[in-house]
Number of protein chains: 2
Amino acid sequence: MKLYSYFRSSAAYRVRIALNLKGLDYDYAPVHLVRGGGEQLKSDYRALNPDGIVPTLVDGDDVLTQSLAIIEYLEETHPEPALLPRDPADRAFVRSVALQIACEIHPVDNLRVLKYLKHEVTVPDDVKDAWYRHWIDSGFTSLEKRLASDKRVGALTFGDTPTLADLCIVPQVFNARRFDIDLSPYPTIVRIADHASQIEAFAKAAPAAQPDAE
Amino acid sequence: MKLYSYFRSSAAYRVRIALNLKGLDYDYAPVHLVRGGGEQLKSDYRALNPDGIVPTLVDGDDVLTQSLAIIEYLEETHPEPALLPRDPADRAFVRSVALQIACEIHPVDNLRVLKYLKHEVTVPDDVKDAWYRHWIDSGFTSLEKRLASDKRVGALTFGDTPTLADLCIVPQVFNARRFDIDLSPYPTIVRIADHASQIEAFAKAAPAAQPDAE
């Protein structure tokens, strides 16, 4: 398998954790999202991934895009260790935490939206920074409420075993810290992220541990 | 089952189609996203869904949020008719189309983001409208490329049978038309949406057919 990735991309980070947890070897193909206007927007990469985003996973003849679709694919083709619980309602809980991050927080704060805000809407940097903080804070406020009150939460989102939810929480917390967001209102989220980050599969997937880290 | 919904919400629309395709009866609980500043933000609804968004599906003791997590739950608890193909790579294809809409287009153009742009960033209406068009156009451009070239596409996204992908395409096209976006550059997307919309389960889920339609 070959993973097209960028060390700092949250979405690629999720897939790297999944591959590591499943014990799957893969070739790392770096796609620099900033250099030269972004390698992800060049025609050779777009032939693989028309959306011009990372990650892309190539498995034999199959070209897979969208991090959560890739992780569900890995779960179906390599079921052990499972990244989703067995009970449908529990699976829905884990998926909803993942999607809350992947749909409500990350897309509104990702690189291309921030670039559009800066260059097309031409907002000053403080408005852009407030934008970033706002979507982290509004998303984390409700996520913290859910995680602090749900009995299924343990050392990680679902008991003590890594699930799809933790794969999304860790990169989002990494991002928030990179932008110096005050995370003290979100102790459960931070506790889960810090616990997960110590697991080898998560540590090996961290941005600083990637071949293209700067 | 009880579905908290708003007639015009794309995410609720997806779940309504899934419930109809599966032949599942449900009670419709309207949540008005605009009136009085938004019923979804009131404390009684937020006790159910801390994120303050629709839909929420209540099934017995289980409270389920996030449209794609709800649809995967329905798929697992009521497998027939299947909304995902059988082969893992095909499932990944269908899920990636759904996620491309649910993660790359819809969140950046949804009501709360447009409200923040207008009231906090205080952009004029033409900048807000250009924002809306930009994310539809950039998302649909790459989605059209994928759908026009993938051999799995038939009358619908995956052959002629409705899948999770069509459940996301139809509401997004409905939204784009509501905002008068020129869809002529996206003939495959439009063809799929129009074909799907004629299926009874989709027609019954349309905004105009809901009890809270205005």
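Under the annotation held in an unreviewed UniProt entry, chain A carries the name Maleylacetoacetate isomerase Glutathione S-transferase, zeta and is attributed to Candidatus Burkholderia verschuerenii. Its UniProt record, at the heading Sequence similarities (unreviewed entry), says of chain A: "Belongs to the GST superfamily. Zeta family."

Q: Hey, could you run me through the overall build of chain A in this one?
A: Check the secondary structure of chain A and you find 9 helices and 4 strands. Element order for chain A, N to C, with α for helix and β for strand: β-α-β-α-β-β-α-α-α-α-α-α-α. Computed over the C-alpha atoms, the radius of gyration of chain A is 17 Å, within 12% of the 17 Å expected from 2.2 N^0.38 for a compact globule of 214 residues. The principal-axis extent of the C-alpha atoms belonging to chain A is close to 45 × 45 × 30 Å. Expressed as a percentage of its 214 residues, the buried residues of chain A come to 60%. The contacts in chain A between residues at least 6 apart in sequence include a share of 65% that link residues at least 24 apart. Split by element, the accessible area of chain A, about 8,600 Å² in all, is 50% carbon and sulfur.

Q: Where do I start with the domain arrangement of chain A in this structure?
A: For interface size, the figure often reported is the accessible area lost on association. Residues and elements named next belong to chain A. With domains assigned, chain A is organised as domain 1 (2-81) and domain 2 (88-201). Each of domain 1 and domain 2 was reduced to a C-alpha centroid, and the two centroids are 20 Å apart. Between domain 1 and domain 2, the residue contacts involve 15 residues of the former and 18 residues of the latter. Of the roughly 1,600 Å² buried at the junction of domain 1 and domain 2 (both faces included), carbon and sulfur atoms supply 64%. At the junction of domain 1 and domain 2, the tally comes to 1 salt bridge. Of the charged contacts in the structure, one is a salt bridge between R95 and E72, with a shortest N-O distance of 2.7 Å. The interface formed by domain 1 and domain 2 includes 3 residue pairs in polar contact (both at pLDDT 80 or more). For the side of domain 1 that touches domain 2, the element with the most residues is helix α1 (residues 10-21), which contributes 7 residues. Taken together, the residues of the side of domain 1 that touches domain 2 break down into 8 nonpolar, 3 polar and 4 charged.

Q: Looking at this model, I keep getting lost on helix α8 (residues 187-197) of chain A. Mind explaining?
A: Among all positions in α8 of chain A, only T188, I189, V190, I192, A193 and A196 of chain A are buried. Where the residues of α8 of chain A are buried, they touch α6 (125-149), α7 (164-178) and α9 (200-205) of chain A.

Q: How do you make sense of the pairing of strand β4 (residues 62-65) of chain B when you look at a structure like this?
A: One face of the sheet, then the other: side chains in a regular strand alternate in exactly this way. Residue and element names in this part refer to chain B. Strand direction decides the pairing type here: strand β3 (residues 56-59) and β4, joined by 4 bridges, are antiparallel. Its bridge partner lying in β4, L57 is registered against L64. Between β3 and β4, which pair antiparallel and follow one another directly, the connecting turn spans 2 residues, one of which, G60, has a positive phi of 65°.

Q: Is there a simple way to think about empty space enclosed by the protein in this case?
A: If a probe the size of a water molecule is rolled over the atoms, the empty space left behind becomes visible. Throughout the structure, instances matching the rule amount to 1 cavity of 30 Å³ or more. If you trace the largest cavity, you find it lined by L68, E72, R95, A98, L99 and L164 of chain A together with L68, E72, R95, L99 and L164 of chain B. Per element, the largest residue contribution to the lining of the largest cavity is 3 residues, and it comes from helix α4 (residues 88-109) of chain A.

Q: Mind showing me how you'd approach the relation of the copies chain A and chain B here?
A: Between the two chain copies there is a screw-like relation: a rotation about an axis and a shift along it. Note on the copies: chain A fits chain B at an RMSD of 0.0 Å, the axial shift is 0.0 Å, and the rotation between them is 180°. One copy is carried onto the other by what is essentially a two-fold rotation axis.

Q: Sorry, what's going on with the packing of α6 of chain A against α7 of chain A here?
A: Two quantities define a packed helix pair, namely the angle between the helix axes and the distance between the axes. All names here are of chain A. Remark: α6 packs on α7, axes separated minimally by 12 Å, with the N-to-C direction vectors making an angle of 140°. In terms of orientation, α6 lies oblique with respect to α7. In this structure, α6 crosses over α7, and the sense of that crossing is left-handed. Residues Y132, I136, F140 and L147 of α6 form the contact with α7, whose participating residues are I169, Q172, V173, N175 and A176. A per-class count over the contact of α6 with α7 returns 7 nonpolar, 2 polar and no charged.

Each value, and the rule that gives it
Residues numbered from 1 in each chain as written. Chains lettered and ligands numbered in written order. Predicted model: local features only at pLDDT ≥ 70, side-chain atom pairs only at ≥ 80, totals over all residues. Heavy atoms only, no water. UniProt positions renumbered as here; feature names shortened; annotations may be inferred. Helix = DSSP H or I, 4+ residues; strand = E, 2+ residues; numbered from the N terminus. Rg over C-alpha atoms; globule rule 2.2 N^0.38 Å. Buried < 20%, exposed > 50% of the residue type's maximum accessible area, 1.4 Å probe, protein only. Contact = heavy atoms within 4.5 Å. Areas by Shrake-Rupley, 256 points an atom, 1.4 Å probe, with all protein chains shown as cover. Domains from an automatic or database assignment. Buried area = accessible area lost by both parts, 1.4 Å probe. Salt bridge = Lys/Arg side-chain N within 4 Å of Asp/Glu carboxyl O. Polar contact = N/O pair within 3.5 Å; in protein donor to acceptor, adjacent residues only side chain to side chain. Nonpolar A, V, L, I, M, F, W, Y, C, P; charged D, E, K, R; others polar. Pairing = 2+ DSSP bridges. 1 Å grid on protein atoms, 1.4 Å probe; cavity = no way out; pocket = protein on both sides within 12 Å on 5 of 7 lines; lining within 4 Å. Points joined across faces, edges and corners; volume = space filled by probe spheres on them. Least-squares fit on C-alpha atoms with pLDDT ≥ 70 in both. Axes fitted to C-alpha atoms, helices over the stretch in contact; angles between N-to-C directions. Parallel < 35°, antiparallel > 145°, perpendicular 65-115°, else oblique. Left-handed = near helix turned anticlockwise from the far one by under 90°.

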